[in-house]
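Architecture at a glance
Chain by chain, the residues:
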Amino acid sequence: MSWLGDTLRRLRSWRHARFDEDLAEEMRLHLDLRAADRLAEGMPAREARAAARKQFGNPAVLRETSREAWGWTFADQARQDIRYAVRSFLASPGFAASAVLSLALGIGANTAIFSIINAVMLRSLPVENPNQLVQIRMGEGGEELTNPIWEQIRDHQQAFSGTLAYCPTRFDLSDGGERSYANGIWVSGGFFQTLGVPALQGRTLQAMDDRHGGGASGPVAVISYAFWKRNFGGAPNVVGKTVRLNRHTFEIVGVTPPWFTGLNTDQSFDIAVPIGEAPVLNPEGDMLNGRATWWLYLLGRIPPGERLARAQDRIRSLAPEILRATLPDEFDGDSRQEYLKGTFSLHPAATGFSNTGGRYRTALLTLMATVGLVLLIGCANLANLQFARHAARAR
């Protein structure tokens, strides 16, 4: 229990008047004992006292050392700084108020803008090892790919430890009358496994759920924690219940944890549905087989210890074969040649996707630089005012 005694001693040392008296008394006792030893050796009283002081050392230094050992020096200094600041504020309230206001406005503006930039551009996704995630694009700019391309990459790639495809959408929850929409995402069967997101209740979607037209269990969906709380009141028996999407019934097989809100940082998802269910909800479209239907975002997870450049080389080596297998029938002439000359590129995706961050990136960075300059100018003005005050006092 020595730590308890030490802590109590430190707390008692805050009673400075008593502490200073005890310390001074202890130091006098040591001096008297050393002087008595010199007197016992036959040294004159004055010389004995001088020798004792010399042996004892500098009292001021010893006093400060004792303060550091018995108390928290930073607390003393902080208290002195606060007392000095209060006295300065009371002496010049106008100057102090303007200084505080200038700094508050500058710091507040910087904090607000940085919070936005951090949310849409800097903050990593709350998933397992987000720095291993990369987005697969056509060339340098084509972010949306077709389902045939996705299936070819999924089945033949050797560059990643896991791959996923997804697309944000909206689902109508109503059965008629006034529409009620939920934020949805089409996801591949390995979506949650690749991200390392477990189910809070039930299970996540599996490859068996992502077959064309639906898996053996029929139309299934995973809902978010927020949707579970909002639409089902957090009912513990939600797994097995159904939800109506675009007037089709889907069975709920799982609920995601509260910390996972999707890959789009601009808005949270409510319901995740397998890509293979696209014909059920959009029977008139050809989202799964359409070679010119560009709608999916593809991500891969680079294995631990693997370099991005090596994964890039591997996925590019597959490009000619994949592009030949997915050549759109609608293309002819130059379009076919241009498509077949394409390749794939990898881009870091640790921060997810954000329309706000992509569309307003330059504006946000410019605004951040501007408010930073405002804060710098405010600090410079305060420094000039301080110099002026000191110059006036010197005169």
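Look above for the structure.
Notes on the structure follow. Given the structure is predicted, the values throughout are model-derived calculations rather than measurements.

What counts as what
Residues numbered from 1 in each chain as written. Predicted model: local features only at pLDDT ≥ 70, side-chain atom pairs only at ≥ 80, totals over all residues. Heavy atoms only, no water. Helix = DSSP H or I, 4+ residues; strand = E, 2+ residues; numbered from the N terminus. Buried < 20%, exposed > 50% of the residue type's maximum accessible area, 1.4 Å probe, protein only. Contact = heavy atoms within 4.5 Å. Areas by Shrake-Rupley, 256 points an atom, 1.4 Å probe, with all protein chains shown as cover. Axes fitted to C-alpha atoms, helices over the stretch in contact; angles between N-to-C directions. Parallel < 35°, antiparallel > 145°, perpendicular 65-115°, else oblique. Left-handed = near helix turned anticlockwise from the far one by under 90°. Nonpolar A, V, L, I, M, F, W, Y, C, P; charged D, E, K, R; others polar. Phe/Tyr/Trp six-rings, centres within 6.5 Å; stacked < 30°, edge-to-face > 60°. Lys NZ or Arg CZ within 6 Å of the ring centre and 35° of its normal. Core = buried A, V, L, I, M, F, W, Y, C linked by side-chain atoms within 4.5 Å. 1 Å grid on protein atoms, 1.4 Å probe; cavity = no way out; pocket = protein on both sides within 12 Å on 5 of 7 lines; lining within 4 Å. Points joined across faces, edges and corners; volume = space filled by probe spheres on them. Expected span 1.5 Å × (residues − 1).

1. A short note on the overall build of the chain
What the chain contains, in helices and strands, is 14 helices and 10 strands. A burial count over the chain gives 37% of its 395 residues as buried. The contacts of the chain with a sequence gap of at least 6 include a subset with a gap of at least 24, amounting to 73%. Of the roughly 22500 Å² of accessible surface on the chain, 55% is carried by carbon and sulfur atoms.

2. Structural notes on the packing of helix α7 (residues 147-156) against helix α11 (residues 308-325)
Two elements in contact, α7 and α11, have axes whose closest approach is 10 Å; the angle formed by their N-to-C orientations is 135 degrees. The orientation of α7 relative to α11 falls into the category oblique. Viewed along their axes, α7 and α11 form a crossing whose handedness is right-handed. The residues of α11 that touch α7, namely those facing Ile149, Gln152, Ile153 and His156, are Ile315, Leu318, Ile322 and Ala325. Broken down by class, the residue content of the contact of α7 with α11 amounts to 6 nonpolar, 2 polar and no charged.

3. Some points on the packing of aromatic side chains
Inspection of every chain in the model, using the stated rule, returns 14 aromatic pairs. With a centroid separation of 6.3 Å and an interplanar angle of 45 degrees, the aromatic rings of Tyr166 and Phe191 are classed as tilted. Taken together, the residues span a long stretch of sequence, with Tyr166 in strand β2 (residues 162-172) and Phe191 in helix α8 (residues 191-195) at a distance of 25 residues. The exposure class assigned to Tyr166 is buried, which follows from its relative accessible area of 2%. Ring geometry for Tyr166 against Tyr297: centres 5.7 Å apart, planes inclined by 35 degrees, an arrangement best described as tilted. Taken together, the residues Tyr166 in strand β2 and Tyr297 in strand β9 (residues 297-301) connect sequence positions 131 residues apart. These aromatic residues form a ring-pair network of at least three members: Tyr166, Phe191, Phe192, Phe260, Phe269, Tyr297 and Phe353. A cation over a ring is seen here: Arg170 above Tyr181, with NZ or CZ 3.9 Å from the ring centre. The ring of Trp228 has Lys229 lying over it, and the distance from NZ or CZ to the ring centre is 5.2 Å.

4. Some points on the nonpolar core
Residues Phe160, Trp186, Ile223, Leu245, Ile271 and Phe344 are the most contacted members of the largest nonpolar core, which totals 47 residues. Among the nonpolar cores identified, the runner-up in size contains 23 residues, and Tyr166, Leu195, Val222 and Leu263 belong to it.

5. Some details on empty space enclosed by the protein
Going through the model one piece at a time under the given rule, you end up with 3 cavities of 30 Å³ or more. Of the volumes computed, that of the largest cavity is approximately 90 Å³. Residue lining of the largest cavity: 13 residues in total, with Pro168, Ile185, Asn264, Gln267 and Phe269 positioned closest to the centre. Listed by contribution, the elements that provide at least two residues to the lining of the largest cavity are β2 and β3 (181-187). When grouped by side-chain class, the residues that make up the lining of the largest cavity number 5 nonpolar, 8 polar and no charged.

6. A look at the layout of surface pockets
A volume near 490 Å³ is recorded for the largest pocket. Lining the largest pocket we find 23 residues, and of these Gly352, Phe353, Ser354, Asn355 and Gly358 sit closest to its centre. Of all the secondary structure elements, the ones that give two or more residues to the lining of the largest pocket are α6 (93-122), β1 (133-138), β2, β10 (344-348) and α13 (355-359). Residue composition of the lining of the largest pocket, by class: 8 nonpolar, 11 polar and 4 charged.

7. A few points about the side chain of Ser345
In this fold, Ser345 is placed in strand β10. The exposure class of Ser345 is buried, given its relative accessible area of 2%. Residue contacts for Ser345: discarding those within four places in its chain leaves Gln135, Ile136, Arg137, Gly139, Glu140, Gln312 and Arg316.

8. Remarks on the environment of Val220
Relative to the helices and strands, Val220 resides in strand β5 (residues 220-223). In this structure Val220 comes out as buried when scored by relative accessible area, which is 1%. Residues Val220 and Gly254, 34 residues apart in the sequence, show an inter-C-alpha distance of 9.3 Å. Not counting the four nearest positions on each side in its chain, Val220 is found in contact with Leu205, Asp209, Phe250, Glu251, Val253, Val273, Pro274 and Glu277.

9. Points about helix α14 (residues 361-394)
The first and last C-alpha atoms of α14 sit 50 Å apart over 34 residues, in line with the 50 Å expected at 1.5 Å per residue. Those residues of α14 that sit buried are Leu364, Val371, Gly378 and Leu382. Buried positions along α14 lie against α6.

10. A word on α6
Side chains that are three or four residues apart share a direction in an α-helix, a result of its 3.6 residues per turn. Relative to the 44 Å expected for 30 residues at 1.5 Å per residue, α6 spans 40 Å between its end C-alpha atoms, a close match to the ideal helical length. Residues of α6 that are buried: Phe95, Ala96, Ala99, Gly106, Asn110, Ile113, Ile117, Val120 and Met121.

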